[in-house]
Amino acid sequence: NKAERLYGMSDFNLPAALFCLAAGIAGLFLCFRRPGRTIRIAAALTAGIILIYLIFRFLLQWRLIGTIPLTDGYSTMQFLSLCSCLAAALCTLDRRGGWASFSLLVIAGASLLVAMMSSAGSDVSKPAPVLDSPLLCIHVMLVMIAYMLFALMAVGGAAALILGNVSGNAPAPDGLDPMVERLYHIDSVLLYFAVFLLAAGIFTGAIWANISWGRYWGWDPKETWALITLLVYSFGLHQSSLKTMRRPIAFHVFTLLAFACVLMTYFGVNCLLGGLHSYA
């Protein structure tokens, strides 16, 4: 029908992904070098254009399959990209949020590229009845937003370690670049939200699993690695008792290393371990 043809004709994921990545990487360099209003406007326009495209695709796929499209690898990556673009647009409202906006654009572009690797991109058939559940949608949304925040922390950590050393800013009294300190405080706050969302996602997923499969927890590989990810990131919340987490450089390194757990949970399990949560 017309909607299916329109869905097939409106697949511009590759140019959208390349546009996001190019704008995000270039913007990150510029906003650390010359932060200003023009940079934020460019980020807002880029995020807005890609966001409109992703919302259109998301709603069109929703109409075609009759339920919220969050049941396979393609749709979850598209949703992650949509959330990243929305967050990037919101970050431009803060005059100091340029780095976050462009970091989120990099995440959005990478997510679209990953979505293109899935064979489910053109699949608009209805999902299995067990997957047609509001609880599942809430579970996936919470987890994917948490992953987005973890990714933003990792990009911020990398930016602090790389760009902070060449920014040319005067060092703080403790010898650190002010940008490293600033990103440390931002990532510390984001960590609370991300861990809470991941915990809430695991909790709602357990309720849905009990309704669908008759058990709350089955030690499926994805469940196990989601729990490992939650526990690893929880170390970063204990800055009062863990002296290492109070050092900005060490904390940024921690965000980069901990993100490997997210990659293992989402991609490694699918490719290496399988299980009930493996996506096509």
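Note that the structure is predicted; figures quoted are calculated from it, not measured.

Looking at the protein chain, the pLDDT average stands at 81 and 84% of residues meet or exceed 70. Ranking the helices and strands of the protein chain by mean pLDDT puts helix H8 (residues 221–234) first, with 91, and helix H1 (residues 2–9) last, with 79. In this model residues 167–173 is a low-confidence stretch, pLDDT under 50, and it forms 7 contacts with partners more than four residues away in sequence or in other chains.

What follows deals with the pattern of salt bridges. Applying the stated rule across the entire model yields 2 salt bridges. Here Arg57 and Asp11 are joined by a salt bridge, their closest N and O atoms 4.0 Å apart. In this pair, Arg57 sits in helix H3 (residues 37–65) while Asp11 sits in the loop between H1 and helix H2 (13–33), placing the two residues 46 residues apart along the sequence. Note on Asp11: relative accessible area 40%, which makes it partly exposed. Note that Arg215 is salt-bridged to Glu223, the shortest N-O span being 2.7 Å.

What follows concerns the environment of Ile41. Structurally, Ile41 can be placed in helix H3. When its relative accessible area of 39% is taken as the criterion, Ile41 is described as partly exposed.

Turning to unusual backbone geometry, a few remarks are in order. With a phi close to 55 degrees, Trp219 is a non-glycine residue in the positive phi region. Its location among the elements puts Trp219 in the loop between helix H7 (178–213) and H8. For Trp219, a relative accessible area of 56% puts it in the exposed group.

Here Thr255 shows up in helix H9 (residues 248–273). Once you skip the residues sitting within four places of it in the chain, Thr255 turns out to touch Met153, Ala154, Gly157, Asp187 and Tyr233.

Rules of the game
Residues numbered from 1 in each chain as written. Predicted model: local features only at pLDDT ≥ 70, side-chain atom pairs only at ≥ 80, totals over all residues. Heavy atoms only, no water. pLDDT = per-residue confidence, 0-100. Helix = DSSP H or I, 4+ residues; strand = E, 2+ residues; numbered from the N terminus. Contact = heavy atoms within 4.5 Å. Salt bridge = Lys/Arg side-chain N within 4 Å of Asp/Glu carboxyl O. Buried < 20%, exposed > 50% of the residue type's maximum accessible area, 1.4 Å probe, protein only.

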